[in-house]
Amino acid sequence: SLYGGVPIVTRSDGDEMSSRVTTSANEVLGFSFQLNAYQGPKQYEDIAIRLGNNSTALAKIRKKLIKTANQRNPMHPYWDVPRYVQNFQTGLTMAWQNFLDGLPKDHIHVTESEETREGTYDDVLIENPSEGKKKKKKQKQNGRKDNLVGEL
């Protein structure tokens, strides 16, 4: 819904996974105090009612959401999947190294490299297409269309 410009009002006072994920998303997107109800159900209801009754406030949030989704060069950090993947891979490598070194389980803090911190630009996406795009491009070059049934 966020990518479509639909804000998510969330209860941010609990430990549920969905609450933590949505709270985090709203914070990264810059809507921490506009959409996150840190003080419980009453605040949650108040936020929803305010947005339902104030079309100007809702339109402003929707416009900002759509702007973040369309941001390019660099991509907005929330929508920057290649950046996320790079950081996630770094974290997994750190966890694996800690395991190999016999270190006890602990939190892992990934510090982005300067290059990763700059974000993803369109030229990087063009130079490194996803596997699906590579397959389609190869099939097109070979004069074949994608066959959903497959070859028997």
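Residues numbered from 1 in each chain as written. Predicted model: local features only at pLDDT ≥ 70, side-chain atom pairs only at ≥ 80, totals over all residues. Heavy atoms only, no water.

Colleague: Hey, could you run me through the pattern of salt bridges in this one?
Modeller: Once their charged atoms are close, side chains differing in charge can pair, the charge on each being opposite to the other. On inspection of all chains with the given rule, the structure shows four salt bridges. As a salt-bridge pair, Arg 11 and Asp 13 come within 3.0 Å of each other at their nearest N and O atoms. Residue classification places Arg 11 among the partly exposed residues on the basis of a relative accessible area of 35%. Given the relative accessible area of 35%, Asp 13 is considered partly exposed. Linking Arg 72 and Asp 122 is a salt bridge whose minimum nitrogen-to-oxygen distance equals 3.4 Å. Separated by 50 residues along the polypeptide, Arg 72 in the loop between α4 (55–70) and α5 (81–100) and Asp 122 in helix α7 (residues 122–127) bring together distant segments of the chain. (Salt bridge = Lys/Arg side-chain N within 4 Å of Asp/Glu carboxyl O. Buried < 20%, exposed > 50% of the residue type's maximum accessible area, 1.4 Å probe, protein only. Helix = DSSP H or I, 4+ residues; strand = E, 2+ residues; numbered from the N terminus.)

Colleague: Just to check I follow, could you spell out the side chain of Asn 36 for this structure?
Modeller: By the element assignment, Asn 36 lies in strand β2 (residues 36–37). Residue class for Asn 36 comes out buried when judged on its relative accessible area of 0%. Side chain to side chain, Asn 36 and Asn 26 meet in a polar contact 2.8 Å long. For Asn 36, the side chain forms a polar contact with the side chain of Tyr 38, separated by 3.2 Å. Setting aside residues up to four positions removed in sequence, Asn 36 forms contacts with Thr 10, Ser 12, Thr 22, Thr 23, Asn 26, Glu 27, Phe 31, Gln 43 and Ile 47. (Polar contact = N/O pair within 3.5 Å; in protein donor to acceptor, adjacent residues only side chain to side chain. Contact = heavy atoms within 4.5 Å.)

Colleague: Explain helix α3 (residues 41–53) here, please?
Modeller: Side chains that are three or four residues apart share a direction in an α-helix, a result of its 3.6 residues per turn. Between its terminal C-alpha atoms α3 stretches 18 Å, which fits the 18 Å expected from 13 residues at 1.5 Å a residue. Among all positions in α3, only Gln 43, Ile 47 and Leu 51 are buried. Take α3 and look down its axis: the buried residues cluster within an arc of 70°, on one side only. Away from the buried face of α3 by more than 90 degrees, exposed residues Lys 42, Gly 52 and Asn 53 are located. (Expected span 1.5 Å × (residues − 1). Arc of directions from axis to C-beta.)

Colleague: So what exactly am I meant to see when it comes to the nonpolar core here?
Modeller: Burial of nonpolar side chains together is a common tendency in soluble globular proteins. Grouped together as the largest cluster of nonpolar side chains are 14 residues, with contacts concentrated most on Leu 2, Leu 29, Phe 31, Leu 35, Leu 51, Ile 61 and Leu 65. Looking at this core, the elements that each hand over two or more residues are α3 and α4. Of the residues forming this core, the biggest block, four residues, is contributed by α4. When sequence neighbours within four positions are dropped, the list of residues in contact with Phe 31 reads Asn 26, Asn 36, Ile 61, Lys 64 and Leu 65. (Core = buried A, V, L, I, M, F, W, Y, C linked by side-chain atoms within 4.5 Å.)

Colleague: Help me out: how do you make sense of the packing of α3 against α4 in this one?
Modeller: The angle between the axes and the distance between the axes are what describe a pair of packed helices. Relative orientation of the contacting elements α3 and α4 amounts to 100°, with a least axis distance of 5 Å. In terms of orientation, α3 lies roughly perpendicular with respect to α4. Contacts between α3 and α4 pair Arg 50, Leu 51 and Asn 53 from the former with Ser 55, Ala 57, Leu 58 and Ile 61 from the latter. Looking at side-chain class alone, the contact of α3 with α4 contains four nonpolar, two polar and one charged residues. (Axes fitted to C-alpha atoms, helices over the stretch in contact; angles between N-to-C directions. Parallel < 35°, antiparallel > 145°, perpendicular 65-115°, else oblique. Nonpolar A, V, L, I, M, F, W, Y, C, P; charged D, E, K, R; others polar.)

Colleague: Honestly, the environment of Lys 64 in this entry has me stumped. Any pointers?
Modeller: Its place among the elements puts Lys 64 in helix α4. For Lys 64 and Phe 31, which are 33 residues apart along the polypeptide, the C-alpha to C-alpha distance reads 9.5 Å. When near neighbours in sequence (up to four residues on either side) are disregarded, Lys 64 contacts Leu 29, Gly 30 and Phe 31.

Colleague: Whenever I open this one, the layout of surface pockets confuses me. Can you help?
Modeller: By rolling a water-sized probe across the atoms, one finds the places where empty space is left. Here the largest pocket defines a volume of roughly 300 Å³. Those elements that provide at least two residues to the lining of the largest pocket are α1 (17–28) and α5. In terms of residue count, α5 provides more of the lining of the largest pocket than any other element does, four residues in total. Taken together, the residues of the lining of the largest pocket sort by class into seven nonpolar, two polar and three charged. Here the second largest pocket is characterised by a volume of approximately 240 Å³. Taken together, Pro 82, Arg 83, Val 85, Gln 86, Gln 89, Glu 115, Thr 116, Glu 118, Gly 119, Thr 120, Tyr 121 and Val 124 make up the full set of residues lining the second largest pocket. (1 Å grid on protein atoms, 1.4 Å probe; cavity = no way out; pocket = protein on both sides within 12 Å on 5 of 7 lines; lining within 4 Å. Points joined across faces, edges and corners; volume = space filled by probe spheres on them.)

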